[in-house]
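Secondary and tertiary structure notes
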Number of protein chains: 2
Amino acid sequence: MTRKQEIIDTAKTLFRERGYKSVSMRDLAKVIDFKAASLYNHISSKEEILADIVLDVARYFTHEMNIIKSLNVDAKTQLEGVIKHHVDLTINNPEAIAILNNDWMHLEGKHLEDFKMMRDTYENDLRSIITQGIEHKEIAFQNIDIILFSILSTLRTLHLWYRKRSDLSENDLKKDITDILLKGILVKS
Amino acid sequence: MTRKQEIIDTAKTLFRERGYKSVSMRDLAKVIDFKAASLYNHISSKEEILADIVLDVARYFTHEMNIIKSLNVDAKTQLEGVIKHHVDLTINNPEAIAILNNDWMHLEGKHLEDFKMMRDTYENDLRSIITQGIEHKEIAFQNIDIILFSILSTLRTLHLWYRKRSDLSENDLKKDITDILLKGILVKS
DNA sequence: GTCTATAGATAGATAGAC
DNA sequence: GTCTATCTATCTATAGAC
């Protein structure tokens, strides 16, 4: 592992716990037994660390969505794919998702632009999947934006909950989240 | 409106947009055409402003939950009540919900303790409602914590989405959110 | 590549004049 | 109750010795 990677990994933990703005370069250096000034031999600014973390995961989501779009399968299967890659990432990189959710607005310049572009594209792709599901009568509920919002809000905050329940297996988690998002909770009447 | 209330209302807007840690007392003072020092004639610290905002809304949630618990109605009706007061608050005080979600960890001392206590009590009360619904066969899905998490994550982040869609009437919003959380989205098979 | 020292900006908060 | 002035602490980042 490179020094830069070590810095970024440490930052992931601290940023998640206390928020980007509350973590100083001195805090970060102390954890890896450095002086703050030395960090600058490996990274160019604090914001660069944030951008590395956030844009990396944003690019992963974009990549996964492009694969799903290329599959030519029905809406339900596509939604299952979206849920699957969110759960994967929640398990493997929960810090990055938390930081993306809470601190993306502290990105600057082109980093901020790139992030917003990827986020909006992702949301539009997911909206298209839902629209297609309604057209093909796979989805009964009619308000597209409420479906989109409900799915995304659950998937984006899954990391908060998984922390307390990391005993659950990856497959059980995928199954339960998929069921609840697609089928609801009530006994069918 | 008192001066203190004016300060808090201004803080609500700024804290929501940029996060508690990114807003300085000078930023806050500038908006209401004050000098930063003058703010301290009305509030004792920056953290007190945060606590006023966050604990106020936490107390509201606690109060509403206590009313629901006292009603002696079935689980479905109780869940509808929970959704209703979340939607009400999202429409009437979205800034406070956003700040509670993002910046509660910057509360200090007793403020932090009180917040955590109210949050945990609320979650436990909601878990009891869900458990009761499963016992009485109103709820089919079996994983209590996933139901709890899914409902709360959607309700807690509703403010993000309502911003873009504030054209929707309060009643339509309550109906759609209730439907999607309780009934799911797929065509019944 | 890590250090000490420090520049330069900005933070929360207080003292005291008016 | 609002101001100017300022204290003390802390921030990101750089300069230059080793």
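Owing to the predicted nature of the structure, the values given are computational and were not obtained by experimental measurement.

So, how was this worked out
- Residues numbered from 1 in each chain as written.
- Chains lettered and ligands numbered in written order.
- Predicted model: local features only at pLDDT ≥ 70, side-chain atom pairs only at ≥ 80, totals over all residues.
- Heavy atoms only, no water.
- Helix = DSSP H or I, 4+ residues; strand = E, 2+ residues; numbered from the N terminus.
- Contact = heavy atoms within 4.5 Å.
- Areas by Shrake-Rupley, 256 points an atom, 1.4 Å probe, with all protein chains shown as cover.
- Lys, Arg positive; Asp, Glu negative; His and termini not counted.
- Charge placed at Lys NZ, Arg CZ, Asp CG, Glu CD.
- Expected span 1.5 Å × (residues − 1).
- Domains from an automatic or database assignment.
- Buried area = accessible area lost by both parts, 1.4 Å probe.
- Salt bridge = Lys/Arg side-chain N within 4 Å of Asp/Glu carboxyl O.
- Polar contact = N/O pair within 3.5 Å; in protein donor to acceptor, adjacent residues only side chain to side chain.
- Near = heavy atom within 4 Å.
- Nonpolar A, V, L, I, M, F, W, Y, C, P; charged D, E, K, R; others polar.

1. Examining the overall build of chain A
- Tallying secondary structure elements over chain A gives 10 helices and zero strands in all.
- By sequence separation, contacts in chain A at least 24 residues apart represent 68% of the contacts at least 6 residues apart.
- Carbon and sulfur atoms make up 50% of the accessible area of chain A, which totals about 9,200 Å².
- Treating the 27 positive side-chain charges of chain A as one cloud and the 29 negative ones as another, the clouds have centres 3 Å apart.

2. Concerning helix 5 (residues 75–92) of chain A
- Here helix 5 of chain A is 18 residues long and its end C-alpha atoms lie 26 Å apart, about the 26 Å a rise of 1.5 Å per residue gives.
- Among the structural elements, helix 4 (46–69), helix 6 (94–103), helix 7 (109–135), helix 8 (144–156), helix 9 (158–162) and helix 10 (170–183) of chain A are those in contact with the buried residues of helix 5 of chain A.

3. Side note on the domain arrangement of chain A
Residue and element names in this part refer to chain A.
- Segmenting chain A into domains produces domain 1 (1–43) and domain 2 (47–183).
- Placing the centre of domain 1 and that of domain 2 at their C-alpha centroids yields a distance of 27 Å.
- The partner domain 2 presents 15 residues to the 15 residues of domain 1 that form the contact.
- Summed over both partners, the interface of domain 1 with domain 2 comes to about 1,400 Å²; 63% of that surface belongs to carbon and sulfur atoms.
- Among the residues domain 1 hides against domain 2, the three largest losses belong to Lys 12, Arg 16 and Tyr 20. Together they make up 55% of the total.
- Seen at the junction of domain 1 and domain 2, the total is three salt bridges.
- The closest approach of N and O atoms between Lys 4 and Glu 48, which form a salt bridge, is 4.0 Å.
- Remark: the boundary between domain 1 and domain 2 carries four residue pairs in polar contact (both at pLDDT 80 or more).

4. What to know about the protein's contact with DNA strand D
- DNA strand D sits among 16 residues. The nearest are A:Arg26, B:Arg3, B:Ser38, B:Asn41 and B:His42.
- Counting only the atoms of DNA strand D within 4 Å of the protein, the fraction contributed by sugar and phosphate is 53%.
- One nitrogen or oxygen atom from the main chain of A:Met25 is found 2.8 Å from a phosphate oxygen belonging to DNA strand D.
- One nitrogen or oxygen atom from the main chain of B:Lys35 is found 2.9 Å from a phosphate oxygen belonging to DNA strand D.
- Where the surface near DNA strand D is concerned, the elements lending two or more residues are helix 2 (25–31) of chain A together with helix 3 (36–39) of chain B.
- In terms of residue class, the surface near DNA strand D is built from six nonpolar, five polar and five charged.

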